[in-house]
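Now for the letters of each chain:
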There are 2 protein chains.
Amino acid sequence: MSSTVTAPSLTDKLVASRAASTALATATTAVKDQALRAVAAALRAGTDTIVAANHEDLVAGEDGGLSSGLLDRLRLDAARIDALAAAVEHVVGLPDPVGDLVRGSRLPNGLQLTQVRVPFGVVGAIYEARPNVTVDIAALALKSGNAVVLRGGSAAQRTNAELVERIRGAVASVGLPADLVQTIDEFGRQGATDLMRARGLVDVLVPRGSASLIQTVVTESQVPVIETGAGVVHVFLDASAPLERSVDIVLNSKVQRPSVCNALETLLVHERAAERLLPVLADRLRAAGVTLRGDDATRTIVPGVLRATEADWATESMDLDLSIRVVPDVDAAMAHIARWSTHHTESIVTDDVDTAERFLAEVDSAVVMANASTRFTDGGEFGFGAEVGISTQKLHARGPMGLPELTSTKWIVRGHGQIRG
Amino acid sequence: MSSTVTAPSLTDKLVASRAASTALATATTAVKDQALRAVAAALRAGTDTIVAANHEDLVAGEDGGLSSGLLDRLRLDAARIDALAAAVEHVVGLPDPVGDLVRGSRLPNGLQLTQVRVPFGVVGAIYEARPNVTVDIAALALKSGNAVVLRGGSAAQRTNAELVERIRGAVASVGLPADLVQTIDEFGRQGATDLMRARGLVDVLVPRGSASLIQTVVTESQVPVIETGAGVVHVFLDASAPLERSVDIVLNSKVQRPSVCNALETLLVHERAAERLLPVLADRLRAAGVTLRGDDATRTIVPGVLRATEADWATESMDLDLSIRVVPDVDAAMAHIARWSTHHTESIVTDDVDTAERFLAEVDSAVVMANASTRFTDGGEFGFGAEVGISTQKLHARGPMGLPELTSTKWIVRGHGQIRG
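As the structure is a computational prediction, the values presented were derived from the model and not from experiment. (Residues numbered from 1 in each chain as written. Chains lettered and ligands numbered in written order. Predicted model: local features only at pLDDT ≥ 70, side-chain atom pairs only at ≥ 80, totals over all residues. Heavy atoms only, no water.)

Visitor: I'd like to hear about helix 6 (residues 131–143) of chain A, residue by residue, with values.
Guide: Residues and elements named next belong to chain A. For helix 6, built from 13 residues, the straight-helix expectation of 18 Å at 1.5 Å per residue is met to within 8% by its first-to-last C-alpha distance of 19 Å. When you tally the buried positions in helix 6, you get 11 out of 13 residues, the bulk of the element. Looking at helix 6, one finds that the buried residues are Pro131, Val133, Thr134, Val135, Ile137, Ala138, Ala139, Leu140, Ala141, Leu142 and Lys143. Directly beyond the C-terminal end of helix 6, a positive phi value near 80° is found at Gly145. (Helix = DSSP H or I, 4+ residues; strand = E, 2+ residues; numbered from the N terminus. Expected span 1.5 Å × (residues − 1). Buried < 20%, exposed > 50% of the residue type's maximum accessible area, 1.4 Å probe, protein only.)

As structure tokens, this is what we get:
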């Protein structure tokens, strides 16, 4: 079990992470893959003790009044642990980004210049009570050559401690430092605060979870952050939008998995298409259990739609709620998006190529689409094999992040005595 | 002159920057180049009024006790203004990064996926009383499609106001919004603080100047920052380092321009090479006016060397000072670098290819070199045509930054009705 009785300080742990990261930075892909296979085996072998630790967290969570949704996200059983192990094995098959050549040239003075991918070093993760994130992030960090410092939700502390012990044992079993994977859950809220201040010891921080958690990290962290997350996602049905395609894309975007960030929140409809499209759409959405809110124009066309407020335009419901607004043209649609979007994903449905290309060029979001479901904004769908998260900031990474987004670069200069004139 | 009498609020200005940035994001390269040529012409045409405003700053600076070095950096005359205009014209000739295709693929379901370069949107710059930075950053921002919000040192406020008015007029003359270039100098220190909190209105902040200015921005900013700067730069002379090459590289790295961040601060020497190299090196360095500090081993070999302290290992002197340490092997050299470097640039001088490649692989700095002067860490030398700064962080950009480092990316997805299964 965990060694919190004689716990080192948080700084001690971060210094140990840094030292461990140095050993991993030059490890071969073969060694890292061996470590990942050992992690998968250790998780499967540890099923009973992991489930037991998880049971303690679940009992405490029930006593503490955790919602059934949160309890379900927290729960691990043999099947879920097997799926976690399989996900780790999947990472074995992904290309190792470390050492990839990004650019290179020979300068006029003969210097050979190459820019290569290198690990960040130490990656911090702050997330909520979802034990799968513990395993996911640890596996992705190991493959990309990074040490990882994990701060999970306190409701999963026993589960995470057990998972991390298994992972550490597996990492050590192939000759890599166990400190490549550490949890700082034992330091509580203060630990999260200190992690956000550990500039120099931690190279990048990735928050995963609710909008409020991400907002806290983004605002308070002195360590560079990759902001992931919140999606107030829009579909715009242009004047020429075909009915069947509109229904397919809106339904899929809204109801296929409403609880995730790439699900649709606000539907914008060109006023010349509203009477043609909205009645059919409303029937289909309601049949799928969606609650509709709309502006006055929408409510005139579709009886029984609730009145939408500004709060609705701004909110990521993550549930079967949809806000609808009728707009005079594509400019008004883009103005609404500029005002209310979290710049995650927006899609236009249109038959008109010029309008499609204007929308794709002018909408300033991580992913802009024409005639496709917003649910495609996903590392797996994009062909990355795995997803670290979806960045909604513009620095470093934007949109779905794969393993290369967990790396930095360095410049290597090879000379034979050149000096500057 | 500036319109500070009826000044809008800082937030008003940032909102105006955001609106202006939208117009620029889709501007053609031709229009941006036309704007840059107009800026260069306006600077030359405005020489008299710029020099007059600068004279007021210089008089105030002298009265305020500004050092002669700072006054020199602040001073503009006709020749310097012409050089600034020429630098703007040089940016015209650089490739426009906006719209460049980074990656692309066709997914199995037929979706066409492309990742293209887009401007950040609004770039903030916080810097000291160097009016050339005002013009430099404005030109680089315009070419890369970004609006820019400038906060220069208060000692250059009149000069900057005049420069910005000229630039705004030139930008407006080609039909682009003047608000693409704004100064917030009139808001004083509070303006800088508010700029650092303007997450959502400003996409990235670039501090340029002293280590303490950069440290303040890095620590306090809620806007993502690209940290540029401080260089405690090392050269390691390996056991096999040839004498002449060692002298060339150490002299060039230290004395060619000691006041810049890529200049050498600490020389590490393999103990098996110390007696062969140090006496000659010390003579040459002293002849060039360099003050030497060293550890005990160095002081035994070279009489008259001052005693180096830990503070010397940690300090970027930016002057003709050099710290010297004798180390038992390459591992000790790399350990010293890991402990004291700011991870800007490190170079090894060696004849041994295995040692060179170990150093290049294991030293974790923005630029690592074998057998070359550290002075080559420079956007111009790397062939970028211009330099935004040298990033010493690992997120987004590392090492010399060119125009592409002033851009983000977005994903464009083109479909024909695809939905997720």
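Next comes the rest of the account.
Visitor: Outline the nonpolar core, listing residues and values.
Guide: Ranked by internal contacts, the top residues of the largest apolar core, which has 142 residues, are Leu43 of chain A together with Leu43 of chain B. Setting aside residues no more than four positions away along its own chain, Leu43 of chain B makes contact with Ile50, Ile81, Ala85, Val88, Val135, Leu163, Arg166 and Ile167 of chain B. (Core = buried A, V, L, I, M, F, W, Y, C linked by side-chain atoms within 4.5 Å. Contact = heavy atoms within 4.5 Å.)

Visitor: If you had to explain the relation of the copies chain A and chain B to someone new, which residues and values would you point to?
Guide: Rotating chain A by 180° and translating it 0.0 Å along the rotation axis places it on chain B, where the RMSD comes to 0.0 Å. Here the symmetry operator amounts to a two-fold rotation axis. Closest to the rotation axis within chain A is the C-alpha of His396 of chain A, separated from it by 1.8 Å. Comparing contact sets, 100% of the residues at the interface of chain A also lie at the interface in chain B, consistent with an isologous, same-surface contact. (Least-squares fit on C-alpha atoms with pLDDT ≥ 70 in both.)

Visitor: I'd like a rundown of the sheet that holds strand 1 (residues 101–106) of chain B, residues and numbers included.
Guide: One open sheet accounts for 10 strands, arranged 10(A)-9(A)-11(A)-8(A)-7(A)-12(A)-13(A)-16(B)-2(B)-1(B); its pairing is mixed. At either margin of the open sheet sits one strand with a lone partner, and together these are strand 10 (306–307) of chain A together with strand 1 of chain B. Contacts from helix 10 (residues 243–255) of chain A reach strand 7 (233–237), strand 8 (264–270), strand 11 (321–327), strand 12 (345–349) and strand 13 (367–372) of chain A together with strand 16 (407–418) of chain B, with the element oriented near 160° to strand 8 of chain A. The sheet strands contacting helix 11 (residues 271–287) of chain A are strand 7, strand 8, strand 9 (291–294) and strand 11 of chain A, and the helix crosses strand 8 of chain A at an angle near 145°. (Pairing = 2+ DSSP bridges. Axes fitted to C-alpha atoms, helices over the stretch in contact; angles between N-to-C directions.)

Visitor: Now, about empty space enclosed by the protein: what can you tell me, with residues and values included?
Guide: Residues and elements named next belong to chain A. Evaluated as defined, the whole model comprises 3 cavities of 30 Å³ or more. Counted as a void, the largest cavity has a volume near 180 Å³. Taken together, the residues of the lining of the largest cavity sort by class into 10 nonpolar, 6 polar and 2 charged. Estimated volume of the second largest cavity: approximately 40 Å³. What lines the second largest cavity is Val123, Ile137, Leu140, Ala141, Val206, Val388 and Leu406. Of the residues forming the lining of the second largest cavity, the biggest block, 3 residues, is contributed by helix 6. Residues belonging to the lining of the second largest cavity are distributed by class as follows: 7 nonpolar, no polar and no charged. (1 Å grid on protein atoms, 1.4 Å probe; cavity = no way out; pocket = protein on both sides within 12 Å on 5 of 7 lines; lining within 4 Å. Points joined across faces, edges and corners; volume = space filled by probe spheres on them. Nonpolar A, V, L, I, M, F, W, Y, C, P; charged D, E, K, R; others polar.)

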